[in-house]
Amino acid sequence: MSTPPDRSAVKFDLFADAARKRKIEALGDPLQLIARHIDFDHLTQVIDDLLPRGDGRKGGRPPYPTSVMVRILVLKYLNQLSDEQVEYQLLDRMSYQRFCLLEDSATIPDRNTVWHYQQRLGADGVTALFQAVDGQLLGHGFIARCGQIIDATLVPAPIQHFTKDEKEQLAQVKTPEDWSDAKRRQKDLDATHTMKHGKSYHGYKLSINVDVKHKFIRKIATGTASEHDSRHFDEVLDEHNTSRDVYADKGYPSARRSEMLQVLGWREHIQRKAQKSKPLSACQKKRNTRIARIRARVEHPFAQMRHMGGKLIRTIGQVRAAVAMTMMAACYNLKRLARFLEDGVDAFYKGGPSKSEVRLQGINA
């Protein structure tokens, strides 16, 4: 009696790629959700207007289209990938290739191409991208409504290790004599240390303004970790919010700020901080609790940035760190706008959070 052949679920098919694509479509590709709802042609045009492409008369290797490179940068910061990982994932993942318009391309931008493009874009380029995404928010009716919340978060950077002699020379604003140019380029001398809740942090600080209604980031400012949270308060105050209510935590109260807000017609909702010899009254504690219920909405963008791969800055220097933090904020807004449009969130709904927003909060809490 003959032995039956071994059975296997593995089936080889010339059209396997097409079958996988259909299955991905059925399951739902989150990158295609973004591609459907975000006007990347508009973002591309903004960058091309700011940084015109060369005409190729001088020869050399032709550049990748701006539409491809902008999508690659968005992909990089949506997932907090290094340039090396961007190259690898573009070679390996079908969904990444499709999102970046490279599905049928025989060439893929390498890590150096990605790095050089981001350097060319610089602070002005990513600021223009952030503003362009904000313009799309307004175009869909998601204006800043119901008040604004101001807060800051620490963005860690790799800790630098120096010898005692190096520290002494750096304190005198001198570059250690034995450092080569290559070593100097790898040392981040801008990031600073700070203490928070008894724990030491090293890196930078990101201050944001979030509108109460939709929780989009409306304004940002960047600095080093040792700068006080309140330093950028005036810089991120949004005069275009439809409400005059301003919310902030215990790191922001001051007599001068309260007077300034009152003179300018803002309604101050800044939590009070107890002093060593002057504890908070029962009334002040209740007020802090009322403010906290609304102020807590600002934690959503920070949590989402952590879910997008973490907030760690891999760059060297404050200028590049500011570029990275601005891209984080732009990608948060871009991703949230795409989800709102997919779920049909009504920008002018007057009640509390919509069912879609409640579901989003449950998923991303």
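Attention in this report is confined to the structure presented alongside it. Just so it is clear, the structure is predicted and the values come from calculations on it, not from any experiment. (Residues numbered from 1 in each chain as written. Predicted model: local features only at pLDDT ≥ 70, side-chain atom pairs only at ≥ 80, totals over all residues. Heavy atoms only, no water.)

## Quick word on the packing of helix H4 (residues 66-78) against helix H14 (residues 318-343)
Then, in step 1: The interhelical angle for the contact between H4 and H14, taken along N-to-C directions, is 90 degrees, at an axis separation of 9 Å. By the criterion of interaxial angle, the relationship of H4 to H14 is roughly perpendicular. Residue-level contacts link Leu73, Val74, Tyr77 and Leu78 of H4 to Ala324, Met327, Cys331, Leu334 and Lys335 of H14.
Then, in step 2: Among the residues forming the contact of H4 with H14, the class breakdown is eight nonpolar, no polar and one charged. (Axes fitted to C-alpha atoms, helices over the stretch in contact; angles between N-to-C directions. Helix = DSSP H or I, 4+ residues; strand = E, 2+ residues; numbered from the N terminus. Parallel < 35°, antiparallel > 145°, perpendicular 65-115°, else oblique. Contact = heavy atoms within 4.5 Å. Nonpolar A, V, L, I, M, F, W, Y, C, P; charged D, E, K, R; others polar.)

## Focus on the packing of aromatic side chains
Then, in step 1: Under the criterion given, the structure shown has six aromatic pairs.
Then, in step 2: Here the aromatic residues Phe142, Phe216 and Phe340 are joined through ring pairs into a cluster of three or more.
Then, in step 3: Positioned above the aromatic ring of Phe40, the side-chain terminus of Arg71 is 4.5 Å from the ring centre.
Then, in step 4: Taking the ring centre of Phe233 as reference, the NZ or CZ of Arg257 above it sits at 4.5 Å. (Phe/Tyr/Trp six-rings, centres within 6.5 Å; stacked < 30°, edge-to-face > 60°. Lys NZ or Arg CZ within 6 Å of the ring centre and 35° of its normal.)

## A few points about the pairing of strand E6 (residues 267-270)
Then, in step 1: Alternating positions in E6 separate cleanly, Glu268 and Ile270 being buried on one face and Arg267 and His269 remaining unburied on the opposite face.
Then, in step 2: One ladder, built from four bridges, connects strand E5 (residues 245-248) with E6; its direction is parallel. Following the sheet pairing, Asp245 is matched in E6 by Arg267.
Then, in step 3: Read from E5 through helix H11 (residues 255-263) to E6, the crossover connection turns out right-handed. (Buried < 20%, exposed > 50% of the residue type's maximum accessible area, 1.4 Å probe, protein only. Pairing = 2+ DSSP bridges. Right-handed = clockwise from strand over helix to strand, strands pointing away.)

## A few points about a negative patch on the surface
Then, in step 1: A cluster of like negative charges, contributed by Asp165, Glu168, Glu177 and Asp178, occupies part of the molecular surface.
Then, in step 2: Looking at the secondary structure, you find Glu177 in the loop between helix H8 (164-171) and helix H9 (181-185).
Then, in step 3: Overall, the relative accessible area of 77% leaves Glu177 in the exposed class. (Patch = residues over 30% accessible without salt bridge, like charges linked within 9 Å, V, L, I, M, F, W, Y side chains within 5 Å. Areas by Shrake-Rupley, 256 points an atom, 1.4 Å probe, with all protein chains shown as cover. Salt bridge = Lys/Arg side-chain N within 4 Å of Asp/Glu carboxyl O. Lys, Arg positive; Asp, Glu negative; His and termini not counted. Charge placed at Lys NZ, Arg CZ, Asp CG, Glu CD.)

## Focus: the pairing of strand E4 (residues 217-224)
Then, in step 1: Across the eight residues that make up E4, a large majority, six, are buried.
Then, in step 2: Alignment of strand E3 (residues 199-211) against E4, held across seven bridges, turns out to be antiparallel. Counted as the bridge partner of Tyr204 is Thr224 from E4.

## Notes on the packing of helix H2 (residues 30-37) against H14
Then, in step 1: Two elements in contact, H2 and H14, have axes separated by 9 Å at closest approach and are oriented at 85 degrees. The angle between H2 and H14 falls in the class roughly perpendicular. Facing H2, whose interface residues are Leu33, Ile34, Arg36 and His37, H14 presents Leu334, Ala338, Arg339, Leu341 and Glu342.
Then, in step 2: Considering only residue class, the contact of H2 with H14 consists of five nonpolar, one polar and three charged.

## A word on the nonpolar core
Then, in step 1: Ranked by internal contacts, the top residues of the largest apolar core, which has 71 residues, are Phe40, Leu43, Ile72, Leu90 and Ile217.
Then, in step 2: For this core, the leading source of residues is H14, giving 14 residues.
Then, in step 3: Residues within four places of Leu43 in sequence aside, it is in contact with Ile38, Val70, Leu129, Ala132, Val133, Gln136 and Leu334.
Then, in step 4: Counting residues in hydrophobic clusters, the runner-up holds 13 residues, among them Val236, Val246, Ala248 and Tyr252. (Core = buried A, V, L, I, M, F, W, Y, C linked by side-chain atoms within 4.5 Å.)

## As for the pattern of salt bridges
Then, in step 1: Per the stated rule, a full pass over the model turns up 15 salt bridges.
Then, in step 2: With a closest N to O distance of 2.7 Å, Asp83 and Lys76 form a salt bridge.
Then, in step 3: Under the relative-accessibility criterion, Asp83 is labelled buried at 11%.
Then, in step 4: Notably, a salt bridge pairs Asp343 with Arg339, separated by 3.2 Å at the nearest N-O pair. Placement of both Asp343 and Arg339 in helix H14 is noted, with a separation of four residues, approximately one turn of the helix.

## Brief notes about unusual backbone geometry
Then, in step 1: With phi around 45 degrees, Gln80 is a residue other than glycine that occupies positive phi space.
Then, in step 2: For Gln80, the position within the fold is in the loop between H4 and helix H5 (83-92).
Then, in step 3: For Leu101, which is not glycine, the phi torsion reads 65 degrees and is therefore positive.
Then, in step 4: For Leu101, the position within the fold is in the loop between helix H6 (94-99) and helix H7 (111-139).

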